[in-house]
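# Coordinate analysis (summary)
Here's the letter readout for the chains.
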Protein chains: 2
Amino acid sequence: MFESAELGHKISKTRFKRESPALREALLDAQYDLKQAAAFPVVILINGVDGAGKGETVNLLNAWMDPRLIQTHSFGPPSEEERERPPMWRFWRTLPPKGRVGVLFGSWYTEPILRRVSGNGKQPELDKNISEILHFERMLVREGALLFKFWFHLSKAQQRSRLTELEKDPATRWRVTETDWEHYKHYDKFRRVSQHTLRETSVGDAPWIVVEGKDPEYRSLTVAKALLAGMRSRLDHEPADSVAALSETPPLLAPIDGVRVLDCLDLSQSISKDTYEKALEEWQGKLNLLTRQAKFKKKRSVVAVFEGNDAAGKGGSIRRITAALDARQYQVIPVAAPTEEERAQPYLWRFWRHVPRKGHFALFDRSWYGRVLVERVERFCSQADWMRAYSEINDFEEQLAESSVVVVKFWLSVSEDEQLKRFEERQKTSFKRFKITEDDWRNRKNWEAYSQAVHDMVERTSTEHAPWTLVEANDKNHARLKILRTLTEAIEASL
Amino acid sequence: MFESAELGHKISKTRFKRESPALREALLDAQYDLKQAAAFPVVILINGVDGAGKGETVNLLNAWMDPRLIQTHSFGPPSEEERERPPMWRFWRTLPPKGRVGVLFGSWYTEPILRRVSGNGKQPELDKNISEILHFERMLVREGALLFKFWFHLSKAQQRSRLTELEKDPATRWRVTETDWEHYKHYDKFRRVSQHTLRETSVGDAPWIVVEGKDPEYRSLTVAKALLAGMRSRLDHEPADSVAALSETPPLLAPIDGVRVLDCLDLSQSISKDTYEKALEEWQGKLNLLTRQAKFKKKRSVVAVFEGNDAAGKGGSIRRITAALDARQYQVIPVAAPTEEERAQPYLWRFWRHVPRKGHFALFDRSWYGRVLVERVERFCSQADWMRAYSEINDFEEQLAESSVVVVKFWLSVSEDEQLKRFEERQKTSFKRFKITEDDWRNRKNWEAYSQAVHDMVERTSTEHAPWTLVEANDKNHARLKILRTLTEAIEASL
């Protein structure tokens with residue numbers, strides 16, 4: 001992997017001076033075309049060996065291209081807010097929108113590699129990280145991102161001589177830190193671990209570009225040319241084809257006996273008002289006590305998803321939960337149309353924004369499942385897009401679960417008759433009329449298609465770490481209690 | 001202040017039931033009109049005594065209005081990322097955009113009041129906070145926000161009986177926490193401090209609405225009616241008038257001898273290449289060492305503003321600074337046109353977003369001063385808007401300085417001749433052509449107006465905590481060194 005980056009590549013200053021003006025101009029053109037089309041983001045990862053010109057390359061990109069269209073992010077130790085979320089949260093925060101270039105100095109590769117090199121992480125952990133990275137990058141690419149992964153390399157001898165050289169000159173001595181020498185000591189292991197990681201992640205969607213870091217002219221021209229070629233090729237071709245071609249679309253099989261998960265619910269279950277009120281107070285009390293435990297506040301958080309038929313009672317159920325919580329502890333996120341900033345990002349970006357800190361609840365009134373429900377049924381996105389959403393969603397929820405988030409998901413199910421009754425009631429009551437729109441009546445006509453979509457969704461996304469709870473919601477008391485109890489028990493089990 | 005909220009206000013359940021449907025409907029209508037017009041945000045502060053129905057009111061608002069158009073935020077102890085910024089940063093983060101309702105449960109009042117009650121803060125500190133709050137709220141209102149400040153009150157006896165009552169019933173015992181009793185012990189002091197704070201901040205722009213919290217029906221109707229009246233009155237009138245009327249527009253006086261700050265610069269200063277290169281490396285080394293000190297990393301951060309004539313060399317100066325920094329330590333923010341999300345917020349919101357954490361630099365390539373420069377000269381905003389910007393900017397920078405941010409501001413000045421030379425050079429060099437646009441030529445024609453704007457800006461915003469440094473930039477070497485030196489010395493002085 002690194003052999004060809006130890007050959008002592010070099011180009012003359014004359015050639016550099018001759019070639020760079022045209023290259024700079026072409027890069028700027030590409031950047032403006034990118035901005036104009038605003039069809040995809042460019043993500044540039046800068047990784048590699050210390051002293052191999054990573055920082056200089058970041059400066060070069062900002063000097064050669066229009067810095068107003070570049071966002072550079074470097075990653076030091078995570079902040080408290082970052083540590084309280086899944087490791088990928090900090091990277092989601094910094095993804096560039098469509099039409100822009102994002103330079104990530106250090107990236108999702110840095111921590112896994114360094115943990116393995118330092119011995120704090122074992123090989124299976126690294127391999128798990130690698131597999132997560134592969135999923136994440138595939139998602140990015142399918143969302144349209146143009147991903148460049150640069151690895152700047154120096155041989156051991158080159159690194160040593162570079163550090164020594166800098167140290168000799170009093171004027172540049174400050175550029176060498178103790179950490180640099182510390183890393184140098186681990187050069188061999190670093191090289192081995194990096195090589196393994198690079199090999200495993202150098203896939204068709206997003207191959208690594210290894211750059212020999214010694215000669216500044218060689219390094220700069222290599223990076224600039226790779227960027228230009230990649231951007232031009234993407235800008236000059238219809239991206240739709242290539243992206244669509246990437247998405248496999250495995251067939252979804254309907255159950256051959258026609259029985260779907262929702263058909264098996266006993267919607268007639270109900271609970272009397274008295275029993276309900278007593279039990280409600282009891283479960284609310286229990287939930288409240290759990291969320292006040294030190295362990296919960298420091299180590300757990302909750303993501304709860306509320307999906308269901310229109311008028312199934314999502315809002316009312318959510319309020320029965322929030323009534324038991326300290327208001328500083330929760331956030332209700334009603335999922336509406338995405339904003340401009342959100343539309344310029346991968347689909348899941350707007351949900352990552354709301355991943356809660358430790359000790360906090362995020363209650364989603366509708367959620368990322370819109371992709372495989374309304375967007376699928378109403379054909380707001382392509383089949384390839386909603387088909388890949390299942391596994392992307394599973395990845396997302398797995399990351400939540402692995403960073404100690406309790407993930408609970410509710411599907412509130414009402415019968416067609418009960419829904420009609422509620423629709424009519426809403427239309428009669430002036431202050432409830434806002435809850436019912438043309439869309440609701442239209443969705444009702446697609447009852448069959450939605451049922452199939454719900455079936456597939458439950459089938460494909462009810463996982464060990466984030467199972468679906470189907471809620472019989474014809475009786476509101478029953479539904480509210482079941483939800484409250486399920487949530488409370490899930491939290492209890494996690495403590 | 002609280003007397004009328006201790007009268008035992010009460011309304012019957014019958015009246016509540018009779019009045020609430022129409023009220024709910026009207027509130028929903030107002031909410032949709034608000035969304036439709038998207039002309040201003042509604043900010044609702046929920047404060048007051050424990051047990052007076054604050055949480056219930058938040059739930060009520062979400063139940064009565066369309067929760068998809070409401071954002072509720074509650075404020076517990078600040079997170080690390082929040083503590084590393086000025087105290088107001090967390091509130092800026094949560095302001096609702098135009099067209100939406102933001103409910104802030106706990107607010108910028110909570111901390112100052114509690115600090116004073118607990119004895120951790122003295123009276124002068126509270127009074128300073130009050131004055132800052134007044135400035136902040138005035139800014140909000142002038143930016144168009146409709147601000148409601150609700151204070152929920154209970155008399156001491158009422159609070160006691162409410163807590164006792166809840167504790168008697170095993171089913172509701174969990175609702176009473178130790179903190180509640182702790183607060184009860186300090187009731188008298190809390191009342192005194194709150195009363196003082198409310199009186200001082202109950203001003204024309206944003207008066208307090210004190211609500212007796214005991215009777216739920218009274219409380220709910222009071223809040224709903226106040227909201228409705230406020231929203232309707234604003235929605236049904238041209239807001240432009242009222243907001244404009246609020247903004248005083250003090251006259252700016254040009255110096256009677258015609259001499260302006262920029263006229264006094266000696267633009268002929270220059271530095272030879274050799275001297276420059278040696279000094280550059282030296283100052284970069286010094287800067288680098290300073291930023292690696294533990295004290296800097298833990299307690300200081302830097303906000304640097306780069307303004308100047310077009311082609312004065314802002315980008316090049318910034319890169320001479322970043323070359324000395326660890327890439328994880330800085331963020332360059334090129335200020336371009338605001339995004340949709342940014343346009344829906346007060347003017348300074350998009351800069352608050354970038355306030356750096358401890359140990360970090362935010363380098364602004366153009367800044368909030370656009371308001372009093374290009375927006376003033378090109379009439380992109382009203383005179384009232386840019387006139388009030390001076391003091392709002394001073395408030396902003398003062399908050400930065402007070403939370404240990406080193407604020408440095410550079411105006412890079414070139415002569416008309418030098419600028420022309422650079423423009424022509426840029427047009428000749430293909431890869432520099434992007435740096436020169438129609439706007440630049442247009443701005444050049446307004447040289448005189450810009451000079452006046454710069455003069456006023458320096459005059460009005462060069463403060464003790466955030467002074468302007470005027471940089472003679474005809475010679476790039478001189479300019480870059482002066483900037484690097486000024487920045488380094490400012491950091492040094494702060495440590």
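These numbers were taken from a predicted model, which means no experiment stands behind them.

## Brief notes about the interface of chain B and chain A
One widely used convention gives an interface's size as the accessible area the parts lose upon coming together. Contacts between the two partners involve 53 residues from chain B and, on the opposite side, 53 residues from chain A. Summed over the three residues of chain B that lose the most area to chain A, namely W174(B), F431(B) and F434(B), the buried surface amounts to 16% of that side. Linking R353(B) and E341(A) is a salt bridge whose minimum nitrogen-to-oxygen distance equals 3.4 Å. Where chain B packs against chain A, one counts 18 residue pairs in polar contact (both at pLDDT 80 or more). Secondary-structure elements contributing two or more residues to the side of chain B that touches chain A are α1 (13-37), α2 (54-64), β2 (70-74), α3 (80-83), α12 (273-292), α14 (314-322), β7 (330-334) and α15 (340-343) of chain B. Residue classes in the side of chain B that touches chain A are distributed as 17 nonpolar, 16 polar and 20 charged.

## A look at the nonpolar core
Counting 138 residues, the largest nonpolar core has I44(A), W108(A), F150(A), W368(A) and F361(B) as its most contacted members. When residues in this core are grouped by element, the largest group, nine residues, is from helix α10 (residues 216-235) of chain A. Beyond its immediate chain neighbours, meaning those up to four positions away, W368(A) contacts V303(A), V305(A), Y347(A), L348(A), F351(A), I393(A), F396(A) and E397(A). Core analysis: the second largest hydrophobic core is formed by 137 residues, A304(A), A479(A), W151(B) and V335(B) among them.

## Some words on the packing of helix α12 (residues 273-292) of chain A against helix α22 (residues 476-494) of chain A
Residue and element names in this part refer to chain A. Relative orientation of the contacting elements α12 and α22 amounts to 25°, with a least axis distance of 10 Å. Judged on the interaxial angle alone, α22 and α12 are roughly parallel. Here α12 and α22 pass one another in a crossing that is left-handed. Counting all contacts with α12, which are made through K273, Y276, A279, L280, W283, Q284, K286, L287 and L290, the residues of α22 involved are N477, R480, L481, L484, R485, L487, T488, E489, I491 and E492. A per-class count over the contact of α12 with α22 returns ten nonpolar, three polar and six charged.

## Brief notes about unusual backbone geometry
With a phi angle near 70°, A311(A) is a residue other than glycine that sits in the positive phi range. On the secondary structure map, A311(A) appears in the loop between β6 (301-308) and α14 (314-322). Positive phi is not limited to glycine here, since A38(B) has a value of about 45°. By the secondary structure assignment, A38(B) is in the loop between α1 and β1 (42-48).

## Notes on the sheet that holds strand β8 (residues 361-365) of chain A
Strand pairing in a sheet relies on backbone hydrogen bonds, with the paired strands running either antiparallel or parallel. All names here are of chain A. Read from one edge to the other, the open sheet built from five strands follows the order β7-β8-β6-β9-β10, with strand pairing classed as parallel. Here the strands that pair on one side only, and so sit at the sheet edges, are β7 (330-334) and β10 (468-472). Each neighbouring strand pair of the sheet contributes to a mean axis angle of 20°, computed without reference to strand direction. With eight bridges joining them, β6 and strand β9 (residues 405-413) adopt parallel strand pairing. What sits directly across from V303, in β9, is V407. Packed on one face of the sheet, helix α18 (residues 383-402) meets β6 and β9 and runs near 135° to β9. On the sheet, helix α21 (residues 447-461) packs against β9 and β10 and is oriented at approximately 145° with respect to β10.

Each value, and the rule that gives it
- Residues numbered from 1 in each chain as written.
- Chains lettered and ligands numbered in written order.
- Predicted model: local features only at pLDDT ≥ 70, side-chain atom pairs only at ≥ 80, totals over all residues.
- Heavy atoms only, no water.
- Contact = heavy atoms within 4.5 Å.
- Buried area = accessible area lost by both parts, 1.4 Å probe.
- Salt bridge = Lys/Arg side-chain N within 4 Å of Asp/Glu carboxyl O.
- Polar contact = N/O pair within 3.5 Å; in protein donor to acceptor, adjacent residues only side chain to side chain.
- Helix = DSSP H or I, 4+ residues; strand = E, 2+ residues; numbered from the N terminus.
- Nonpolar A, V, L, I, M, F, W, Y, C, P; charged D, E, K, R; others polar.
- Core = buried A, V, L, I, M, F, W, Y, C linked by side-chain atoms within 4.5 Å.
- Buried < 20%, exposed > 50% of the residue type's maximum accessible area, 1.4 Å probe, protein only.
- Axes fitted to C-alpha atoms, helices over the stretch in contact; angles between N-to-C directions.
- Parallel < 35°, antiparallel > 145°, perpendicular 65-115°, else oblique.
- Left-handed = near helix turned anticlockwise from the far one by under 90°.
- Pairing = 2+ DSSP bridges.

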